[in-house]
Amino acid sequence: MSKYQVFFVSTPGIGNLVPTVEFAQRLIHHDPRISSTIFIISLSQRPIVNSYIQSRASTYSGVNFIHLPPVDTPSPDQYQSSLGYLSLLIQKHKLHVKHEIDKLQRTESDSARVCGLLVDMFSTSMIDVANELNIPCYLYYASPVSFLGFMLHLPVIDTQLATEFIDSDNEMIVPKDAATELIIPGFANPLPPKVLPSSVLKRKKDGYSWFLYHARRYVETKGVVVNTYRELEQYAINSVAATTKVPEVFPVGPVLDLAGPIEWHPDRDQQHNIMKWLDDQPRSSVVFLCFGSMGSLGRSQLREIAFGLERSGFRFLWSIREPPKGSLDLPSDYANAEEILPEGFLDRTAEIGLICGWVPQVTILANEAIGGFVSHCGWNSILESLWYGVPIATWPIYAEQQMNAFQLVKELGLAVEIRVDFRNESGDLVLAEEVERGIKRLMDGDDEVRRKVKEMSKKSKMAVMENGSSYASLKSLIEKLTAEI
Ligand SMILES: O=c1ccn([C@@H]2O[C@H](COP(=O)(O)OP(=O)(O)O[C@H]3O[C@H](CO)[C@@H](O)[C@H](O)[C@H]3O)[C@@H](O)[C@H]2O)c(=O)[nH]1
């Protein structure tokens, strides 16, 4: 019988959910006195998320999942941003979460003590529940400490808006002085404003006020548990600890689902076929392109990539996904990708390339045929690529990915740049020549980046081994959680 209960609240995106579930599992693996329960906010239009949860609920027997019941909200399309909709949805679930924890607390009070509520970066309204039930609340962060530094600094930037930042139509945040760059905790170099998340730039939209709302609440927690490791984010961790009011940072990563993606995909045969193709390719010969669980690019951009790939002459494995229809939907696989690619492209590249939809990314990165990864720079993708020592070429498209790309290229020298400030929604286009140049540099141009990535790969594995830095952080977190109050 477990003695300690830890609860998690996670928003329902693969990028957040997978590291949360893996961490819940890691906690109980590390200390069998603990049991983990995750509250799941269900969104019916996310089949890949639902199949992931189903699979993990049946394989991770020590992790419990509680599906929160639907709540009344206006249609998601009536909100200015999906973050606004999700944040309100989470607020509406507060009572239910409180009720469930309270119920468990009462029924198990003799055998198990509820010792922590871990909420993700957009579930901060749940801090109220922890306070009402007198449970320590921690933030569980699936993005890097550098981004945490930015979020902790956002309330400061907000107070400077009127005096130091202005724009012509009073909507976008840009410095008054065009040469101004932002000094942000977590970054050694000043940050160009154009790498800020687009929801933050548009300060009149509700995305901005929600970012600010969550950012202000971070300091109310006991600490932030981050899916990162000291060896990767040493500067960011020290800088955030020294210059912000965050109570404590626990770098416990990398927390990855290494066994996962084929197992939990609804169509396993399709995923196995991709791996069969890859197994037949020579070592380090294939460039892999994938833009995350929520990423998709427009047709003109896909055509530029196709021409760039063809001109580069490298073998490729390219995940292409159709843009979502509704505001909360995820991209889907094209029924016929041929229709959107340049005429004859598939025939001309049949010997060297494979086009697919959703791919088993971690399994692909582990395959020795992969020589480089063109990535949107979601934090999980970065951690996975570094784990396997695969160099990245950066092509961020949304969320905090531009900042992640900046950190990788300019701060850490761990990636080559296709772009660090690309914005999907701005109509920006990366031309075929840039794609070709980026891929050539990635695949056989930059030995220094490749060497550093291989070194970081070793360090990432050491961090989670017994006596590694993340292992020590996890131990310290558990000591805090289980300490008698
Ligand atoms: O075809 C695919 C696409 C994705 N993945 C996996 O899905 C995850 C994607 O995570 P991530 O790379 O972090 O990207 P997003 O899905 O875009 O994640 C969101 O959440 C991350 C963590 O907070 C942020 O860093 C991102 O910017 C945000 O978009 C990774 O584990 C991938 O291996 C697959 O297995 N197959």
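Let me sum up the structure you'll find in this document. (Residues numbered from 1 in each chain as written. Predicted model: local features only at pLDDT ≥ 70, side-chain atom pairs only at ≥ 80, totals over all residues. Heavy atoms only, no water.)

Digging into the side chain of Ser10
In this fold, Ser10 is placed in strand E1 (residues 4–10). With residues near it in sequence (within four places) discarded, Ser10 still touches Asn16, Leu17, Thr20, Phe39, Ile41 and Asp120. (Helix = DSSP H or I, 4+ residues; strand = E, 2+ residues; numbered from the N terminus. Contact = heavy atoms within 4.5 Å.)

Considering the site of the ligand
Taken together, 23 residues lie near the ligand, and Ser293, Val359, Ser381, Glu384 and Glu400 sit nearest. Interatomic distance of 3.0 Å between a side-chain N/O atom of His376 and an oxygen atom of the ligand. Note that an oxygen atom of the ligand is positioned 2.7 Å from one of the side-chain N or O atoms of Tyr398. Look at the ligand: alone it shows 690 Å² of surface, and the protein chains cover 95% of it. Residue assignment for the shell around the ligand shows that the elements contributing at least two residues are helix H1 (14–30), helix H13 (361–365), helix H14 (379–387) and helix H15 (401–411). For the shell around the ligand, the element with the most residues is H14, which contributes 4 residues. Split by residue class, the shell around the ligand holds 10 nonpolar, 11 polar and 2 charged. (Near = heavy atom within 4 Å. Polar contact = N/O pair within 3.5 Å; in protein donor to acceptor, adjacent residues only side chain to side chain. Areas by Shrake-Rupley, 256 points an atom, 1.4 Å probe, with all protein chains shown as cover. Nonpolar A, V, L, I, M, F, W, Y, C, P; charged D, E, K, R; others polar.)

So, the pairing of strand E2 (residues 34–41)
With 8 of 8 residues buried, E2 lies mostly within the body of the structure. The alternating pattern of E2 places Ile34, Ser36, Ile38 and Ile40 and Ser35, Thr37, Phe39 and Ile41 on opposite faces, both of which are buried. Note that E1 and E2 share 7 bridges and pair parallel. Paired with Val6 across the two strands is Ser36, which belongs to E2. In this fold, the crossover linking E1 to E2 by way of H1 has right-handed handedness. Of the pairings in the sheet, the one linking E2 to strand E3 (residues 63–68) comprises 6 bridges and is parallel in character. In the sheet register, Thr37 faces E3, and the bridge partner there is Asn64. (Buried < 20%, exposed > 50% of the residue type's maximum accessible area, 1.4 Å probe, protein only. Pairing = 2+ DSSP bridges. Right-handed = clockwise from strand over helix to strand, strands pointing away.)

Overview of the sheet that holds E1
Taken together, 7 strands build an open sheet; the order of strands is E3-E2-E1-E4-E5-E6-E7 and the sheet is parallel. Only two strands of the sheet have a single partner each, and these edge strands are E3 and strand E7 (249–251). Sheet twist, expressed as the average angle between the axes of neighbouring strands with direction ignored, equals 25°. Against the sheet, helix H18 (residues 469–482) contacts E1, E2, strand E4 (113–119), strand E5 (137–141), strand E6 (224–226) and E7, and its axis sits at roughly 135° relative to E7. (Axes fitted to C-alpha atoms, helices over the stretch in contact; angles between N-to-C directions.)

Observations regarding the nonpolar core
Soluble globular proteins tend to bury their nonpolar side chains together. Tyr141, Phe150, Val287, Trp318, Val374 and Trp395 are the most contacted members of the largest nonpolar core, which totals 128 residues. Considering every element that reaches this core, the biggest residue donor is helix H6 (residues 145–164), with 8 residues. If we ignore the near neighbours within four places in the chain, the residues touching Val287 are Leu309, Phe314, Arg315, Phe316, Leu317, Gly372, Val374, Ile439, Leu442 and Met443. Within the second largest apolar cluster, 36 residues are counted, among which are Ile28, Tyr140, Val225 and Leu477. (Core = buried A, V, L, I, M, F, W, Y, C linked by side-chain atoms within 4.5 Å.)

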